[in-house]
Amino acid sequence: MFLTEEETKMLAGEKGPAVQKAMQILVALGESFGAEKLLPVNNVHMAGSSVLVAEEAGTRFVEDIRKQGGTFVTRVTTNPTAVDPTQWEQIGIPESDQVLQKRLTGAYAGMGANTCNTCIPYLVGNMPRFGEHMAWGESSAVVFANSVCGARTNREGGPSALATALTGRTPEYGFHLKENRYGSFLIKVETPMRDMTDYGTLGYFAGKIAGQDTPVFEGLPNHPTLEELKALSAALAASGAVSMFHAIGVTPEAPTLEAAFGDRKPAKTLVFGEQERQQAENALNKEPSDHVDWILVGCPNASVQEIREVAEALEGKKIHPDVSLWVTTAGAMYAMADEMGYIKTIKDAGGVVVRETCPFLARSRVIAPSKGYKTLTTNSAKMAFYAPGQFGLPAHYGNLQRVMQAAIDGVWR
Ligand code: F3S
């Protein structure tokens, strides 16, 4: 792989051991994927920011990089952690995670990260630009950035994103190259798309078929909301290893079918009709009982608009005493929602607006038994997909209206 003079110096250790280690990672990665060179990058979203993933060994690794003089040379934002910084005890997060998380977040902050600790960095100040080369982790954000923003990133792991943050470089392969960004197969959407849960269901359906391929959607409404597009992005990256989608007339690299496929023919064409939507929804809504105890809204993290919708559904009502409602979001969204009075409405009804973590990145295998949770009820296709395998809770899955009714009634209808 071609290296510039400066990159050669970094690899030789002239910029210190942290940068040298980072360059070794990037060169090894680039060579294994056949990259010809490194790209200059100024935007990293760090996925390895929860101690559920990093544990003690990963935390020590990041601390060591910092001790060796590691400093971030790019803009860096961080993904959710394992801990809500102010309500961790109340919601059942173990104290040991709180202690370890402080060390890990402190190490990232010490190297210069904006520790926003959210999976929606694009809503809290890290908005990708069209054509911008980046190194982002967090699969849902990667799909959103590539598809909705037209930025260019591969799905980075913790070490490679850290290496880019330390060097300002990423290997040029995969979704950085135009020829790898065309669609692979076509899905014709032939059922009305009513809300973000339908978009999540479509993402689940398409991701299962796609594997690593890039689906192209034809027939989506012209102006999906930001929340609908983030739900679609998240579900695609959960049931599949998708990094990008095209929606004709919606996403910037797909003004036409021909542009989305680069004048090539789709490998196959499928239909997402009412029957497929219903089947996919049923596959996620697997729990046969009507038992409800833990409810989650905010995967990916809730926007202010979603928090508002939860508050509106709960205005003047009380959540059932046997139910815990988590609305997971970023600190910045929380602050805005607080200003608007939405947080108070949700709190008054008995719900909790959780910051900087979610059931997937917190230690839910400890939280659920300690709180007696036996099911997870959600409007998120991604969360419904992961809950059974990741933390052993069967899921109820439906739209926000149905989920909020379950929060109030204490049963799933
Ligand atoms: Fe975000 Fe957690 Fe969902 S990181 S996308 S809320 S699983």
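Use the structure listed above.
An account of the accompanying structure is given in this report. Only a predicted model underlies this, so the values are computations on that prediction, with no experimental measurement involved. (Residues numbered from 1 in each chain as written. Predicted model: local features only at pLDDT ≥ 70, side-chain atom pairs only at ≥ 80, totals over all residues. Heavy atoms only, no water.)

## Looking at the site of the ligand
Okay, step 1: As a matter of local geometry, the ligand sits amid 13 residues, with Cys119, Cys299, Cys358, Phe360 and Lys382 nearest to it.
Okay, step 2: The pocket occupied by the ligand, as judged from atoms lying within 2 Å of grid points, is the largest pocket.
Okay, step 3: With 4 residues, strand β10 (residues 294-302) is the single largest residue contributor to the shell around the ligand.
Okay, step 4: Taken domain by domain, the shell around the ligand gets at least three of its residues from each of domain 1 (5-178) and domain 3 (286-409). (Near = heavy atom within 4 Å. 1 Å grid on protein atoms, 1.4 Å probe; cavity = no way out; pocket = protein on both sides within 12 Å on 5 of 7 lines; lining within 4 Å. Sits in = over half its atoms within 2 Å of the grid points. Helix = DSSP H or I, 4+ residues; strand = E, 2+ residues; numbered from the N terminus. Domains from an automatic or database assignment.)

## Concerning the layout of surface pockets
Okay, step 1: What the largest pocket holds in volume is close to 580 Å³.
Okay, step 2: When residues of the lining of the largest pocket are traced back to their parent elements, those giving at least two are α3 (51-67), α5 (139-149), α6 (158-167), β10 and α15 (381-391).
Okay, step 3: Counting residues per element, the lining of the largest pocket draws most heavily on α3, at 6 residues.
Okay, step 4: Among the residues making up the lining of the largest pocket, the classes are represented as 21 nonpolar, 10 polar and 4 charged. (Points joined across faces, edges and corners; volume = space filled by probe spheres on them. Nonpolar A, V, L, I, M, F, W, Y, C, P; charged D, E, K, R; others polar.)

## Describing the packing of aromatic side chains
Okay, step 1: This model, assessed by the stated rule, comprises 10 aromatic pairs.
Okay, step 2: Arranged with centres 4.7 Å apart and planes meeting at 25 degrees, the rings of Trp294 and Tyr373 form a pair that is stacked. Residue Trp294 is located in strand β10, and its partner Tyr373 is located in the loop between α14 (364-371) and β13 (376-378); the two are separated by 79 residues in the primary sequence.
Okay, step 3: With relative accessibility at 0%, the residue Trp294 sits in the buried group.
Okay, step 4: For Tyr373, a relative accessible area of 9% puts it in the buried group. (Phe/Tyr/Trp six-rings, centres within 6.5 Å; stacked < 30°, edge-to-face > 60°. Buried < 20%, exposed > 50% of the residue type's maximum accessible area, 1.4 Å probe, protein only.)

## Looking at the pairing of strand β3 (residues 75-78)
Looking down a regular strand, the side chains alternate between one sheet face and the other.
Okay, step 1: Sheet topology places strand β2 (residues 43-46) next to β3; 4 bridges connect them, and they run parallel. For Met46, the partnering residue across the bridge sits in β3 and is Thr78.
Okay, step 2: The β-α-β motif built from β2, the intervening α3 and the parallel element β3 has right-handed crossover chirality. (Pairing = 2+ DSSP bridges. Right-handed = clockwise from strand over helix to strand, strands pointing away.)

## Observations concerning the side chain of Thr214
Okay, step 1: Take Thr214: it is sitting in the loop between α7 (196-210) and β7 (215-218).
Okay, step 2: Setting aside its immediate chain neighbours within four residues, Thr214 contacts Phe175, Tyr182, Gly183, Ser184, Phe185, Met244, Phe245 and His246. (Contact = heavy atoms within 4.5 Å.)

## Describing α14
Okay, step 1: Taken as a whole, α14 has its buried residues at Ser364, Ile367 and Ala368. The buried residues of α14 occupy one face: seen down the axis, they fall within an arc of 95 degrees. Away from the buried face of α14 by more than 90 degrees, exposed residues Arg365, Pro369 and Ser370 are located.
Okay, step 2: Its buried side turned inward, α14 meets β10, β11 (324-329) and α15. (Arc of directions from axis to C-beta.)

## Comments concerning the environment of Gly125
Okay, step 1: The residue Gly125 is located in the loop between α4 (95-110) and β4 (135-136) in this model.
Okay, step 2: Between the C-alpha atom of Gly125 and that of Ala332, which follows or precedes it by 207 residues, the distance is 9.5 Å.

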